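Listed below are the residues making up each chain.
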Amino acid sequence: MLHPQLRDDAARMRMLLYGQLVSKALCTAVELGLPEALAGGPRSAEDLAGDVEAHPLALRRLLRALVPFDVFTEEPDGTFALTRLGATLLPDTPGTARPSALLLAGEVGRTWEQFGYSVRTGDSAFTLLHGCALFEHLERRPERREVFDRSQEAGLRLELDEIFDAVSFDRYPTIVDVGGGNGHLMCELLHRTPGSTGSVIDLPGTVQLAEKRIVEGGLTDRCIAVVGDFFDSVTPGADLYILSHILHDWGDDSAVSILRTCAAAMPEHGRLMVIDLLTDAAADDRGGRHRLPALMDLYMLSLFGAAGGQERTGAEFTALLTAAGLEPEETRVLPSGMGVITARRRTT
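Here goes a summary of the coordinates provided.

**Things to note about the overall build of the chain**
- Within the chain, the secondary structure is distributed over 16 helices and 9 strands.
- Relative to a compact globule of 348 residues, whose C-alpha radius of gyration would be 20 Å, the chain shows 22 Å and is just as compact.
- Along the first, second and third principal axes, the C-alpha atoms of the chain reach 70 × 55 × 40 Å.
- Within the chain, the proportion of its 348 residues that are buried is 46%.
- Restricting to contacts in the chain with at least 6 residues of sequence separation, those with at least 24 account for 65%.
- Counting 33 positive and 50 negative side-chain charges, the chain places the centres of these two groups 3 Å from one another.

Here you go:
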């Protein structure tokens, strides 16, 4: 007879192994538009099938399979309703997970299917499948870049309040968001810090998205978007340079190069701020957050290879900053496990 603990462990392991099916089911639900179709209230699978162009019996099985995962509920009359958790897949929900689901349904999900290649060779499974690195791929396909940026923006939305609770930006009159994507962070920062001006630096396709966001935010008199490459140069003379979720996309040598570019642009009084996940931070366990750094590091491995993007500890970030001629001043660990590291130029 099996020991009860062994039986439980074996069952738990199977749940982990079949976890990919949960992800596939969620991505399919988003692609079909099920969250939006259920936003107005409960509906039957047969009723939904015509709207989302799905097979009624197969659709019912998909909906029913996600009931134990609290994404949908099945009502006594056989209709299905969206839960509070399921509502995070709606496009207008703050911090929506919908763009992430669309990424996983596309190139990122296909990359994970070749994860073993990255472990065996140390190379990027993404490059193997798509013939170029991630950011080159996104520059070639603006519609996918927009999905990627929306995913980044939604993730940042979850962090904004704790960032602004931990950091006062009022003492920085001029701010540069290096690799600032579609400008969401900078626009939010300027709305909350009316005495500051800012600029967003990124590649050409992304700068167009940032320019649109700046106009929509009514910030054209206080913010500009600049085409640039953070390996070459960034706008000089600013009081603060922000690298938000940038360094984890790069290996150590490239990360140091980015930091050196920023250090060269900084005046003596200037500061650099790194906002990134800290793998050694003590995060609370809501939603299994203590597991997030491990999963994100594997995500980076599949996209960038062993020598490329990676999640890091606080000590590893300190080593990068020091190698770039910067001196860490303060590290604030946020409740989510994110870290905000402030550094200045090292004086000789």
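**Considerations on the pattern of salt bridges**
- Counted according to the given criterion, the structure contains 19 salt bridges.
- Among the salt bridges present, the one from arginine 145 reaches aspartate 149, with a minimum N-O distance of 3.2 Å. You can see arginine 145 and its partner aspartate 149 sitting in helix α11 (residues 142–166), 4 residues apart, about one turn around the helix. Side by side, arginine 145 and aspartate 149 carry an identical accessibility label, which is buried.
- The shortest N-O distance in the salt bridge between glutamate 327 and arginine 344 comes to 3.5 Å. Of this pair, glutamate 327 sits in strand β8 (residues 326–333) while arginine 344 sits in strand β9 (residues 338–345), placing them 17 residues apart in sequence.
- Assessed through its relative accessible area of 30%, glutamate 327 is described here as partly exposed.
- Taking relative accessible area as the criterion, arginine 344 reaches 32% and is therefore assigned partly exposed.

What counts and what doesn't
- Residues numbered from 1 in each chain as written.
- Predicted model: local features only at pLDDT ≥ 70, side-chain atom pairs only at ≥ 80, totals over all residues.
- Heavy atoms only, no water.
- Helix = DSSP H or I, 4+ residues; strand = E, 2+ residues; numbered from the N terminus.
- Rg over C-alpha atoms; globule rule 2.2 N^0.38 Å.
- Buried < 20%, exposed > 50% of the residue type's maximum accessible area, 1.4 Å probe, protein only.
- Contact = heavy atoms within 4.5 Å.
- Lys, Arg positive; Asp, Glu negative; His and termini not counted.
- Charge placed at Lys NZ, Arg CZ, Asp CG, Glu CD.
- Salt bridge = Lys/Arg side-chain N within 4 Å of Asp/Glu carboxyl O.

Coordinates in, geometry out; function isn't part of it.
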